[in-house]
Amino acid sequence: QIHIIDFDDENNIINKNVLLHQVGEIWHISTSPADKGVLATCYNKTSDSKVMTCAAVWRMPKELESGSHESPDDSSSNAQTLELLCHLDNTAHGNMACVMWEPMGDGKKIISLADNNILLWDLQESSGNAVLSSSAALEGKGQLKFTSGRWSPHHNCTQIATANDTTIRGWDTRSMRQIYCIENAHGQLVRDLDFNPNKQYYLASCGDDCKVKFWDTRNVTEPVKTLEEHSHWVWNVRYNHSHDQLILTGSSDSRVILSNMVSISSEPFGHMVDDDELSDQEDQHQEEKMKEPLQDSVIATYEEHEDSVYAVEWSSADPWLFASLSYDGRLVINRVPRALKYHILL
């Protein structure tokens, strides 16, 4: 099932609508940047007693797109079905790990990672057909498999980053060639990546060595910063879309951690204040304050979950709102502490 959660902020209530995804259990989900009714899933299906992970593009029922629906008390009785737009046919390429949409695009370009292949798809008219426009394969010893990937919003959306085992690689989507490689980025499996939305060379990664690392892709010998707050695998790392010092991580230690990574953000010295607005005395004080960046710190640790947290995500509509999802079957919605919010804004 796919659940569409409608969070009513003013009354603090959650409505949910259930969509049936009848082809199989879902392992990854991503939404089109251009059309909020369209999404892609990676799912398991069994054929000839073998389990395959496939991917497909779907459209949700029109009335759910608006988001202003009331959910009836018994939502299970009227679950609706997703409309299949097309399959991303991967029979030749292996199991799908994830699907990424071109971040600033028109919703026509998708990259999927299947085993050791990067596949660039072109969705034809009204997404009814997916054509494989180019691909690249990871070569080397052993069974190489991608675990996750991220499409960079910078450089005219011509770069993606992928993770396989302990390695992070950058690729140019025009030539499908590797542009950088961070070997042994983590001591164990790399689980997730995210690009800083405001600083074009900055990339965050997390993995089974319990660490979150921040990289400058122009110089990949050393991470710029490392966070070691979690005590088990880190499944997810997410930059806030508006305030890139805010970093969200979720882990198998059942915790969600909100960190304030000011020193490597796009505003390491806070908002710059116009000189004219300050009196002389304030002026000196302000200048001293400006010279040193604020300290990086953990803002809050959320312990509402009772099991591994394997997804965290910022709201795309409200920069102060985020959600987490855990193996305990619960979705938890939280907001950035008010004091910090005002500190960032004022």
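Going by what an unreviewed UniProt entry lists, the protein chain is known as Protein TSSC1 and is assigned to Pterocles gutturalis. As its UniProt record puts it under Sequence similarities (unreviewed entry), the protein chain is described as follows: "Belongs to the WD repeat EIPR1 family."

Enquirer: I'd like a rundown of the packing of aromatic side chains, residues and numbers included.
Expert: For the coordinates displayed, the defined rule picks out 7 aromatic pairs. On the basis of an interplanar angle of 80° and a centroid distance of 6.3 Å, the ring pair of Trp235 and Tyr327 is categorised as edge-to-face. Residue Trp235 is located in strand β20 (residues 234-239), and its partner Tyr327 is located in the loop between β25 (321-326) and β26 (331-335); the two are separated by 92 residues in the primary sequence. Assessed through its relative accessible area of 46%, Tyr327 is described here as partly exposed. Cluster of aromatic residues (ring-pair linked, three or more members): Trp235, Tyr310 and Tyr327. For the cation-ring pair, Arg191 lies above Trp235, with the distance from its terminal atom to the ring centre recorded as 4.2 Å. Here the guanidinium or amino end of Lys199 rests over the ring plane of Tyr202, the centre of that ring lying 4.2 Å away.

Reading the values: the criteria
- Residues numbered from 1 in each chain as written.
- Predicted model: local features only at pLDDT ≥ 70, side-chain atom pairs only at ≥ 80, totals over all residues.
- Heavy atoms only, no water.
- UniProt positions renumbered as here; feature names shortened; annotations may be inferred.
- Phe/Tyr/Trp six-rings, centres within 6.5 Å; stacked < 30°, edge-to-face > 60°.
- Helix = DSSP H or I, 4+ residues; strand = E, 2+ residues; numbered from the N terminus.
- Buried < 20%, exposed > 50% of the residue type's maximum accessible area, 1.4 Å probe, protein only.
- Lys NZ or Arg CZ within 6 Å of the ring centre and 35° of its normal.

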